[in-house]
Amino acid sequence: MLRKKTRLGVHGVGALMLMVAGQAWAMGEDLHVIQGGPAYFNVGVGAFNAAGVVPGPGHRGNATLPEIDLEYQTAAKLLGVGALYGIVANTDGGFMGYTGFYSDIAWNHWVLIPVLAMGGYHQGRGKYLDGTFQFRLELSLDYQFANKSRFGLKIAHISNAYTKQEDPGEDEIMLNYSIPLSFGKNT
């Protein structure tokens, strides 16, 4: 029962993030895609397998575990879409290195950051995800301070998208802090 409530909570946070962005769009209040700006180094800490997604029978590693996520978002963007590189690791030796695309959708001091990535997953003693190749989806809602640093909440999902027979998947929730990096002149 607790796992079901946790899963509903993670999905509820995601829905709330989308509703905030949708409300801002409907109100026409300075909602825009950030086209330039600095690169960012993000550090996230939270819970791996937070929603308690249960794998098929006979698989181990269903525990909710502490995790850390390190991510670099490039400053260069094409039509508001930039590249990112990251690694997420849990305390049972599981980790995923990934690369993909992101966008920054700003509304006043709030920034919504959707991510689509793919990479390689190593199970360690942790959650079975049926394969090395996995997809990663993220959605962050961050508050951007005057110095361009950001702090917020990130939800993420790792899945093989049924490229294998099973798709156990796992959901994450974490607090995220983003540090702007200056490697020269940025607009």
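Keep in mind it's a predicted model, so treat the numbers as computed, not measured.

Caption draft 1: Broad picture of the overall build of the chain. Broken down by element type, the chain carries one helix and ten strands. Counting across all 187 residues of the chain, residues that qualify as buried make up 44%. Within the chain, contacts between residues at least 6 apart in sequence are counted, and of these 59% link residues at least 24 apart. Of the roughly 9600 Å² that the chain leaves accessible, carbon and sulfur atoms contribute 68%.

Caption draft 2: Focus on the nonpolar core. Counting residues in hydrophobic clusters, the biggest one holds 16 residues, and the most contacted among them are Met 96, Tyr 98, Val 115 and Ile 158. Only strand E4 (81-90), strand E5 (95-103) and strand E7 (110-122) provide two or more residues apiece to this core. Among the elements that make up this core, the one with the highest residue count is E7 (five residues). Residues within four places of Met 96 in sequence aside, it is in contact with Gly 86, Ile 87, Val 88, Met 118, Gly 119, Gly 120, Tyr 121, Gln 134, Phe 135, Arg 136 and Ile 158.

Caption draft 3: Structural detail: unusual backbone geometry. Although it is not a glycine, Leu 79 adopts a positive phi angle of roughly 55°. Although it is not a glycine, Asn 108 sits at a positive phi angle of roughly 55°. Topologically, Asn 108 is positioned in the loop between strand E6 (105-107) and E7. For Asn 108, a relative accessible area of 48% translates into the label partly exposed.

Thresholds applied
Residues numbered from 1 in each chain as written. Predicted model: local features only at pLDDT ≥ 70, side-chain atom pairs only at ≥ 80, totals over all residues. Heavy atoms only, no water. Helix = DSSP H or I, 4+ residues; strand = E, 2+ residues; numbered from the N terminus. Buried < 20%, exposed > 50% of the residue type's maximum accessible area, 1.4 Å probe, protein only. Contact = heavy atoms within 4.5 Å. Areas by Shrake-Rupley, 256 points an atom, 1.4 Å probe, with all protein chains shown as cover. Core = buried A, V, L, I, M, F, W, Y, C linked by side-chain atoms within 4.5 Å.

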